Amino acid sequence: MKNLKETLIERFGKLNERQEEALLFNGRNVILHSSTGSGKTEAALLALPTGSSVDWFLPTIASCNFMYRRLVRDFPNISVKVNTSQYRDERLVDDPELTINIHTPDFAMITFVEGIIHRNEYKMTTKKCVVIDEIDLYPKKLLSSLIKYVDTFRRGNGLDQVIVSSATVAKNIIEAFPEFSILTMEQPNVLRCKVYNNEIKITGYEDERCSRDYSKVWESEFNNEELFQEYFGEDVDYYSFD
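Residues numbered from 1 in each chain as written. Predicted model: local features only at pLDDT ≥ 70, side-chain atom pairs only at ≥ 80, totals over all residues. Heavy atoms only, no water.

### Overview of the packing of aromatic side chains
Summed over all chains, the structure comprises six aromatic pairs. With a centroid separation of 6.2 Å and 70° between ring planes, the pair formed by Tyr-68 and Tyr-87 is classed as edge-to-face. Highlighted residues: Tyr-68 in helix H4 (residues 61-74) and Tyr-87 in the loop between strand E3 (78-83) and strand E4 (88-91), separated in sequence by 19 residues. Here Tyr-87 falls in the partly exposed class, since its relative accessible area comes to 32%. Between Phe-112 and Tyr-149 the ring centres are 5.0 Å apart and the planes differ by 90°, which places this aromatic pair in the edge-to-face class. Here Tyr-149 lies in helix H6 (residues 140-153) and Phe-112 lies in helix H5 (residues 106-119), a separation of 37 residues in the sequence. On the basis of relative accessibility, which here comes to 2%, the residue Tyr-149 falls in the buried class. Aromatic ring contacts, followed pair by pair, group Phe-112, Tyr-122, Tyr-149 and Phe-153 into a single cluster. (Phe/Tyr/Trp six-rings, centres within 6.5 Å; stacked < 30°, edge-to-face > 60°. Helix = DSSP H or I, 4+ residues; strand = E, 2+ residues; numbered from the N terminus. Buried < 20%, exposed > 50% of the residue type's maximum accessible area, 1.4 Å probe, protein only.)

This is how it looks when you write it as structure tokens:
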């Protein structure tokens, strides 16, 4: 079975510069800062040590479900689980390169805070590797709990690695993780697709072809990357669906 790097190269032709750099951050605490569609998720996966079991936090149920479907679709060598109040599923593989557990951080942080308040106990409520994705979208109280949790356990006290990822990283986030390396990723030429019911609208690509309404054409015309590339040309690095 292909490893993550080989899977990405097969899908996109090559790693972008920052994804290559992410390999150098393998096992280290890092902030990944870049706009949507630039390859942050892939960079985060490349920065995780092989064999890791990871809690992958996202701020909403919808984003958890989307990430689960994306990882299942794109990475056959990863075991993936999603656990939200509305949806639970898993895709397990033999000898996985990574095991990703996707969920919102609410329960883990509530348990952590209750332990402090009621028992004066600081107890880990996550796995040793944690990805905090879309950190700019968490409510303030939940974000404060996450920062406190990471600060409590990151210095050799339980957490082996923390990856913070977001399209926008405010100054207070950078200040909250002063020891983290920062990897800012450049924006490639990405074809972005917004899905509205049965319509697909193209954004992020300056071309007259974007003016077309793509009603019900996804299944018939653009059901794989090769057809996208054929229609939009080799100058498109890859496409993403929001």
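Continuing now.
### Side note on the nonpolar core
Among the nonpolar cores identified, the biggest contains 32 residues, and Leu-45, Leu-48, Trp-56, Ile-100 and Ile-102 are the most heavily contacted of them. Broken down by secondary-structure element, the contributors of at least two residues to this core are helix H1 (4-12), strand E1 (30-33), helix H3 (40-47), strand E2 (53-57), H4, E3, strand E5 (98-103) and strand E6 (129-133). If you tally residues by element for this core, the top one is H3, at five residues. Ranked by size, the runner-up nonpolar core spans 23 residues in total, among them Phe-57, Leu-159, Val-169 and Phe-177. (Core = buried A, V, L, I, M, F, W, Y, C linked by side-chain atoms within 4.5 Å.)

### A short note on the confidence of the model for the protein
A residue-level look at the protein finds 74% of positions with pLDDT of 70 or above and a mean pLDDT of 80. Here residues 202-224 is a poorly scored stretch, pLDDT under 50, and it has 46 contacts once near neighbours within four places are set aside; other chains count. Low pLDDT, under 50, characterises residues 233-242; the stretch is placed with 42 contacts to residues that sit more than four places away or in other chains. (pLDDT = per-residue confidence, 0-100. Contact = heavy atoms within 4.5 Å.)

### Some words on the packing of H5 against H6
How two helices pack is summed up by the angle between their axes together with the distance between the axes. Between H5 and H6, the least distance of the axes is 10 Å, while the angle of their chain directions is 65°. The orientation of H5 relative to H6 falls into the category roughly perpendicular. In this structure, H5 meets H6 at a crossing whose hand is left-handed. On H6, the residues that touch Asp-106, Met-109, Phe-112 and Val-113 of H5 are Leu-142, Ser-145, Leu-146, Lys-148, Tyr-149, Thr-152 and Phe-153. (Axes fitted to C-alpha atoms, helices over the stretch in contact; angles between N-to-C directions. Parallel < 35°, antiparallel > 145°, perpendicular 65-115°, else oblique. Left-handed = near helix turned anticlockwise from the far one by under 90°.)

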